[in-house]
Amino acid sequence: MDSVGVAAAAPDAGPGPAWQSKCPWGAPSTTSISCSLADVMSEQLAKELQLEEENAAFPEVVAAAEGPFITGENIDTSSDLMLAQMLQMEFDREYDAQLRREEKKINGDSKVSISFENYRKVHPYDSDSSEDEVDWQDTRHDPYRADKPTTTPRRGFIGKGKDITTKHDEVVCGRKNTARMENFAPEFQVGDGIGMDLKLSNQVFNALKQHAYSEERRSARLHEKKEHSTAEKAVDPKTRLLLYKMVNSGMLETITGCISTGKESVVFHAYGGNATEDKVIPPECAIKVFKTTLNEFKNRDKYIKDDYRFKDRFSKLNPRKIIRMWAEKEMHNLTRMQNAGIPCPQVVILKKHVLVMSFIGQDQIPAPKLKDVTLSSEDMKKAYYQILNMMQQLYRECNLVHADLSEYNMLWHDGKVWLIDVSQSVEPTHPHGLEFLFRDCKNVSQFFQKGGVAEALNERELFNAVSGLNITADNEVDFQAEIEALEKMNEDHVQNHGKKLSTFSSDGDPPIYDE
Ligand code: ADP
Ligand code: MG
């Protein structure tokens, strides 16, 4: 490429006259240049233009180097460096133009725009874009910015006689209110009132303000939710910190991995660490992390809200604390079961929404759920009687109803059934306690009847056997109705006489409803 070709190429690349007046590397004092076609084509002019462009675009190169192409009239544009730089410049300029197009496309007519300024290659070359963009920081000509509201003097009015205007003047107030809308959060759409001389009454403004604040809080909550969510097989930063602390303190040796991710919790396996004075840490532990997103827990309200043990606290707590209560509930329930000798995980420690317990299984392999294991008919029968026994113990000794009992929450380990997942378990006096028990009975009966255990009671018989009640209805609908009637009776009793029916006490025989 010869020197003329390159020099001529540069002005060609610019978009005509606009380029000549605005491009900083070509910002020659064009006043003296006549722009006849012959002139433009002349090699001489091309060289001059090029020199001026170079001076503007590469000032530091000009200052630092003593190369032949910058020192005098005889510019040697055959320099490879120069060509490369010119081409690069051209390329960067195209890149910037593309950026500007994208910027425009994204911003559209939006009042608040984003800028790709920092991504531009050729920073000095900006000028031809600034005219058609609204720079949100440059408020000199911002048509959306309200005029500075005229201040009312201290005495509270301006003007004299019948031209007097007080600060309570409807028009002044209305305009002020309109101007104050710009203090709302940017995502709050206030519409486009330009040129309308909008006057908002105090009433409308206050309603808008209230709405803007609640919207702001809502979006903050959404954001927070994201932060706190326990993603699939991962935990949020706060939970991670809790787990790190457990390992750092030596309580846990290592956390090896995830055993299960459910809608409400994530369970990890860990090797136990050093025992402390008051605690023996099992060799293998299960860590149940209750998810701190609220979605799944919303529909569990009914379990805890009506549980009198948590009743007084429930109303005072924020949702995040309620989730901790699920973990707490699981801990208390497991402890009760442990004390009654029911096979279940042993509680190690509870920290906020993280419950550490003994691991049911071995060498990182969790015991299979009852639904996943194939038992011999003998083991199946054994398991059935064990469960019947455990349900009675749970009801009579622990004063609990599992409330999510099924083959999914029973593990088969060491030749026996272990009960897990008791965060939702409630006391029988819970307003829906007996319904939950009936549901548990249905699950158990169906599983063992299908599994070929001929001795398995049907759900109604099982319910009576567990609860000690004697509901005689011989079909499900009537049975259910009687259960609900009993719950209602109990609820009325609670309303009238205090917390619970004496026959529901945890010690002694199962409650007798038939008075
Ligand atoms: P979810 O509420 O998510 O159902 P679970 O308490 O049932 O929580 O635990 C989910 C799964 O994690 C269980 O099905 C079981 O496989 C495993 N798991 C939970 N606790 C233990 C434990 N202590 N030992 C071994 N595995 C466990
Ligand atoms: Mg479960």
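Under an unreviewed UniProt entry, the name given to the protein is Serine/threonine-protein kinase RIO3, and the source organism is Catharus fuscescens. Listed under Subcellular location (unreviewed entry) in UniProt, the entry text for the protein is "Cytoplasm". Here the protein is described in UniProt, under the heading Cofactor (unreviewed entry), as follows: "Mg(2+)".

J.: Got a minute to help me understand unusual backbone geometry in this structure?
T.: Leave glycine aside and you will find that most residues have negative phi; peptide bonds, for their part, are mostly trans. Within the chain, K352 stands out as a residue other than glycine whose phi angle is a positive 50°. Phi angles above zero are rare outside glycine, and N399 is one such case at about 55°.

J.: Got a minute to help me understand the pairing of strand β10 (residues 410-413) in this structure?
T.: Regular strands place their side chains on alternate faces of the sheet. Burial of the side chains of β10 extends over both faces: M410 and W412 are buried on one face and L411 and H413 on the other. Taken together, the four bridges between β10 and strand β11 (residues 416-419) define a ladder with antiparallel strand orientation. Within the sheet, the bridge partner assigned to W412 lies in β11 and is V417. If you look at the hairpin formed by β10 and β11, you'll find two residues sitting between the two strands, and D414 has a positive phi there, around 60°.

J.: Teacher, can you tell me more about the pattern of salt bridges here?
T.: Pairing is possible between side chains of opposite charge, provided their charged atoms come close. This model, assessed by the stated rule, comprises seven salt bridges. The partner of D421 in a salt bridge is K288, with the nearest N and O atoms 3.0 Å apart. You can see D421 sitting in the loop between β11 and α17 (433-450) and its partner K288 sitting in strand β5 (residues 284-290), a full 133 residues away along the chain. For the pair D421 and K288, one class covers both residues: buried. Its salt-bridge partner being E427, residue R336 comes within 2.8 Å of it at the nearest N-O pair. Of the two residues, R336 sits in helix α15 (residues 319-340) while E427 sits in the loop between β11 and α17, which places them 91 residues apart along the sequence. Residues participating in the shared-partner salt-bridge network are K288, E330 and D421.

J.: I would appreciate a short explanation of the coordination of the magnesium ion (ligand 2) in the present structure.
T.: In an ideal tetrahedron of four donors about a metal, each angle is 109.5 degrees. In an ideal octahedron of six donors, the angles are 90 or 180 degrees. Protein coordination at the magnesium ion (ligand 2): the donors are N409 (OD1) and D421 (OD), at 2.2 to 2.3 Å from the metal. Taken together, the residues N409 in the loop between α16 (377-396) and β10 and D421 in the loop between β11 and α17 connect sequence positions twelve residues apart. Given a relative accessible area of 7%, N409 falls into the buried group.

J.: Would you mind showing me how to read a positive patch on the surface here?
T.: Together, K238, K245, K321, R324, K351 and K352 make up a positively charged patch on the protein surface. Looking at the positive patch, the elements with two or more residues in it are α11 (237-248) and α15. Its location among the elements puts K238 in helix α11. With a relative accessible area of 55%, K238 lands in the exposed category.

J.: What am I meant to see in the packing of aromatic side chains here?
T.: One pair of aromatic rings is described through two measures. These are the centre distance and the angle between the planes. Using the criterion set out here, one finds six aromatic pairs in the structure. Aromatic side chains F438 and F463 sit 6.0 Å apart centroid to centroid with 80° between the ring planes, which places their arrangement in the edge-to-face category. Of this pair, F438 sits in helix α17 while F463 sits in helix α18 (residues 459-467), and the two are 25 residues apart along the sequence. Each of the two residues, F438 as well as F463, counts as buried.

J.: I tried to follow the site of ligand 1 on my own but got confused; where do I start?
T.: As a matter of local geometry, ligand 1 sits amid 15 residues, with S265, K288, I360, K369 and D421 nearest to it. The contact in question runs from an oxygen atom of ligand 1 to an N or O atom on the side chain of S265, over 2.9 Å. D421 has a polar side-chain atom sitting 2.9 Å from an oxygen atom of ligand 1. Look at ligand 1: alone it shows 540 Å² of surface, and the protein chains cover 89% of it. Listing elements by their share of the shell around ligand 1, those giving two or more residues are β4 (265-272), β5 and β7 (354-358). Residue composition of the shell around ligand 1, grouped by class: eight nonpolar, four polar and three charged. Shared between two domains, the shell around ligand 1 holds at least three residues of each, these being domain 2 (234-366) and domain 3 (368-500).

J.: Please clarify how the packing of α18 against helix α19 (residues 476-497) should be interpreted in this entry.
T.: Packed helices, taken two at a time, are described by the angle their axes make and the gap between the axes. Two elements in contact, α18 and α19, have axes whose closest approach is 11 Å; the angle formed by their N-to-C orientations is 25°. It follows from the interaxial angle that α18 and α19 lie roughly parallel. From α18, E459, R460, F463 and N464 reach across to α19, where they touch E476, F479 and I483. The residue makeup of the contact of α18 with α19, split by class, is three nonpolar, one polar and three charged.

J.: Is there a simple way to explain α16 in this structure?
T.: Think of an α-helix as 3.6 residues a turn; residues three or four steps apart then line up on the same face. Here α16 contains 20 residues, and its C-alpha end-to-end distance of 29 Å stays within 8% of the 28 Å for a straight helix at 1.5 Å per residue. Looking only at α16, the buried set comprises M380, A383, Y384, Q386, I387, L388, M390, M391, Q392, Q393, L394 and Y395.

J.: Is there a simple way to explain the confidence of the model for the protein in this structure?
T.: Regions with low pLDDT carry predicted coordinates that are not meant to be interpreted in detail. Mean pLDDT for the protein: 76, with 63% of residues reaching 70 or above. The low-confidence segment residues 229-233, where pLDDT is below 50, has eleven contacts with residues more than four positions distant or belonging to other chains. Residue range residues 502-515 is modelled with pLDDT below 50. Its contacts to residues more than four positions away, or to other chains, number 27 contacts.

Procedures and definitions
- Per-chain numbering applies: the sequence of each chain, read as written, is numbered from 1 onward.
- Here the convention is simple: chains get letters from A, ligands get numbers from 1, in the order in which they are written.
- Local features in this predicted model are restricted to residues of pLDDT 70 or higher, and side-chain atom pairs are both shown and tallied only at a pLDDT of 80 or more, whereas totals for entire chains, interfaces and linings draw on every residue.
- As a rule here, side-chain values cover all heavy atoms of the structure and leave hydrogens and water aside.
- UniProt positions are given in the numbering used here, feature names are shortened, and annotations may be inferred rather than shown by experiment.
- Whether a residue is buried, partly exposed or exposed follows from its accessible area with a 1.4 Å probe, protein chains only, as a fraction of its type maximum: under 20%, in between, or over 50%, in that order.
- Numbering of helices and strands runs from the N terminus; a helix is a DSSP stretch of H or I covering at least four residues, while a strand is a stretch of E covering at least two.
- Two strands qualify as a pair provided that DSSP identifies no fewer than 2 bridges between them.
- By definition, a salt bridge exists where a carboxyl oxygen of Asp or Glu is found within 4 Å of a side-chain nitrogen of Lys or Arg.
- Only N, O and S atoms count as donors, using a 2.8 Å limit from the metal and a wider 3.2 Å limit for Na, K and Ca, and since water is excluded some coordination spheres may look unfilled.
- Think of a patch as exposed residues, more than 30% relative accessible area, with no salt bridge, where like charges cluster within 9 Å and nonpolar side chains (Val, Leu, Ile, Met, Phe, Trp, Tyr) cluster within 5 Å.
- For the accessible areas, the method is Shrake-Rupley and the probe is 1.4 Å, while residue cover comes only from the protein chains on display.
- Just so you know, the count uses Lys and Arg for positive and Asp and Glu for negative, and it drops His and the chain ends.
- Charged groups are reduced to one reference atom each: NZ for lysine, CZ for arginine, CG for aspartic acid, CD for glutamic acid.
- By convention, a stacked pair of Phe, Tyr or Trp rings (six-membered ring in the case of Trp) has centres within 6.5 Å and planes under 30 degrees apart, an edge-to-face pair has planes over 60 apart, and any other such pair is tilted.
- It suffices for a single heavy atom of a residue to lie within 4 Å of a molecule or strand for the residue to be listed as near it.
- Any pair of N or O atoms that falls within 3.5 Å is considered a polar contact. Within protein, one atom must be able to donate a hydrogen and the other to accept it, and sequence-neighbouring residues count only if both atoms are side-chain atoms.
- When residue character is reported, Ala, Val, Leu, Ile, Met, Phe, Trp, Tyr, Cys and Pro are called nonpolar, Asp, Glu, Lys and Arg charged, and the others, Gly included, polar.
- For the purposes of this description, domain bounds are those given by an automatic or database domain assignment.
- Lines fitted to C-alpha atoms define the axes, with helix axes restricted to the stretch in contact, and inter-axis angles between N-to-C directions lie between 0 and 180 degrees.
- Should an angle lie under 35 degrees it is considered roughly parallel, over 145 roughly antiparallel, and from 65 to 115 roughly perpendicular; all remaining angles are considered oblique.
- In this description, contact between two residues means that some pair of their heavy atoms is separated by no more than 4.5 Å.
- One less than the residue count of a helix, multiplied by 1.5 Å, gives the span that helix is expected to have.
- pLDDT measures the predictor's confidence residue by residue and takes values from 0 up to 100.

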